[in-house]
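Structure at a glance
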Amino acid sequence: AVVSTQSTGKSWSECVECFSEAAKHYQTARVPFSAGKCLQGAAAGWRELGDFTKSHSCLVKAGEMYVQNGAYPTAVSCYSKGAESLAPHLPAQAAELYLSAADI
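From a predicted model like this one, the values you see are computed outputs, not experimental measurements. (Residues numbered from 1 in each chain as written. Predicted model: local features only at pLDDT ≥ 70, side-chain atom pairs only at ≥ 80, totals over all residues. Heavy atoms only, no water.)

For the protein, the count of helices and strands is 6 helices and 0 strands. Overall, the protein shows an N-to-C arrangement of helices and strands of α-α-α-α-α-α. The C-alpha radius of gyration computed for the protein amounts to 13 Å, which stays within 12% of the reference 13 Å derived for 104 residues, consistent with globular compactness. Once the C-alpha set of the protein is aligned to its principal axes, its extents read approximately 35 × 35 × 15 Å. Within the protein, counting contacts between residues at least 6 apart in sequence, those at least 24 apart form 46% of the total. When the accessible surface of the protein is totalled, it reaches about 5,800 Å², and 54% of it is carbon and sulfur. When the 8 basic and 9 acidic side-chain charges of the protein are each reduced to a single mean position, those positions are 5 Å apart. (Helix = DSSP H or I, 4+ residues; strand = E, 2+ residues; numbered from the N terminus. Rg over C-alpha atoms; globule rule 2.2 N^0.38 Å. Contact = heavy atoms within 4.5 Å. Areas by Shrake-Rupley, 256 points an atom, 1.4 Å probe, with all protein chains shown as cover. Lys, Arg positive; Asp, Glu negative; His and termini not counted. Charge placed at Lys NZ, Arg CZ, Asp CG, Glu CD.)

Turning to the packing of aromatic side chains, a few remarks are in order. Counting across every chain of the model gives 1 aromatic pair. Summarising the aromatic geometry, the rings of Phe33 and Tyr66 are spaced 5.2 Å apart at their centres and angled 55° between planes, so their arrangement reads as tilted. Residue Phe33 is located in helix α3 (residues 32–49), and its partner Tyr66 is located in helix α4 (residues 52–69); the two are separated by 33 residues in the primary sequence. Phe33 gets classed as partly exposed once you look at its relative accessible area, which sits at 30%. (Phe/Tyr/Trp six-rings, centres within 6.5 Å; stacked < 30°, edge-to-face > 60°. Buried < 20%, exposed > 50% of the residue type's maximum accessible area, 1.4 Å probe, protein only.)

With their axes 8 Å apart at the nearest point, α3 and α4 run at an angle of 165° to one another. Relative to α4, the element α3 lies roughly antiparallel. Between α3 and α4 lies a crossing whose hand is left-handed. On α4, the residues touching Pro32, Phe33, Ala35, Gly36, Lys37, Leu39, Gln40, Ala42, Ala43, Trp46 and Arg47 of α3 are Phe52, Lys54, Ser55, Cys58, Leu59, Lys61, Ala62, Met65, Tyr66, Gln68 and Asn69. Here the contact of α3 with α4 is composed, by residue class, of 13 nonpolar, 5 polar and 4 charged. (Axes fitted to C-alpha atoms, helices over the stretch in contact; angles between N-to-C directions. Parallel < 35°, antiparallel > 145°, perpendicular 65-115°, else oblique. Left-handed = near helix turned anticlockwise from the far one by under 90°. Nonpolar A, V, L, I, M, F, W, Y, C, P; charged D, E, K, R; others polar.)

With respect to the secondary-structure elements, His56 resides in helix α4. Since its relative accessible area comes to 11%, His56 is described here as buried. Setting aside chain neighbours within four positions, we find His56 in contact with Leu86, Leu90, Gln93, Glu96 and Leu97.

With 18 residues, α3 extends 25 Å between its outermost C-alpha atoms, agreeing within 8% with the 26 Å of an ideal straight helix rising 1.5 Å per residue. Every buried residue of α3 is accounted for by Pro32, Ala35, Gly36, Cys38, Leu39, Gln40, Gly41, Ala42, Ala43, Ala44 and Gly45. At its buried positions, α3 is contacted by α2 (12–28), α4 and α5 (72–86). One or two residues past the end of α3 sits Gly50, with phi positive at roughly 85°. (Expected span 1.5 Å × (residues − 1).)

Turning our attention to α4. With 18 residues, α4 should cover 26 Å at 1.5 Å per step; its first-to-last C-alpha distance of 26 Å lies within 8% of that length. Packing partners of the buried residues in α4 comprise α2, α3, α5 and α6 (91–103). Following α4 by one or two positions, Gly70 has its phi on the positive side, about 85°.

Here it is as structure tokens:
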């Protein structure tokens with residue numbers, strides 16, 4: 001997910017905070033697809049902030065939310081695109097995401 005800081009907050013850290021909080025609320029409300037979308041937004045924010053480990057964690061959780069919702073193509077896309085963005089920084093975790101996509 002491409003996120004504009006202009007529309008979601010004044011900084012990437014605010015963006016991550018907002019997306020993470022929204023994801024928690026969607027999980028509580030049992031709306032896993034929307035939780036996944038928010039987690040993907042948080043992953044993009046963490047990536048922009050240079051915290052690729054947290055970005056990876058959000059992508060894994062987002063994919064799990066999509067699978068829980070039965071949105072398998074969205075989960076595959078989340079894992080694949082996430083792996084592509086993380087490959088230069090965390091190659092082992094990127095490979096893990098590709099394998100998760102292949103398993104679906």
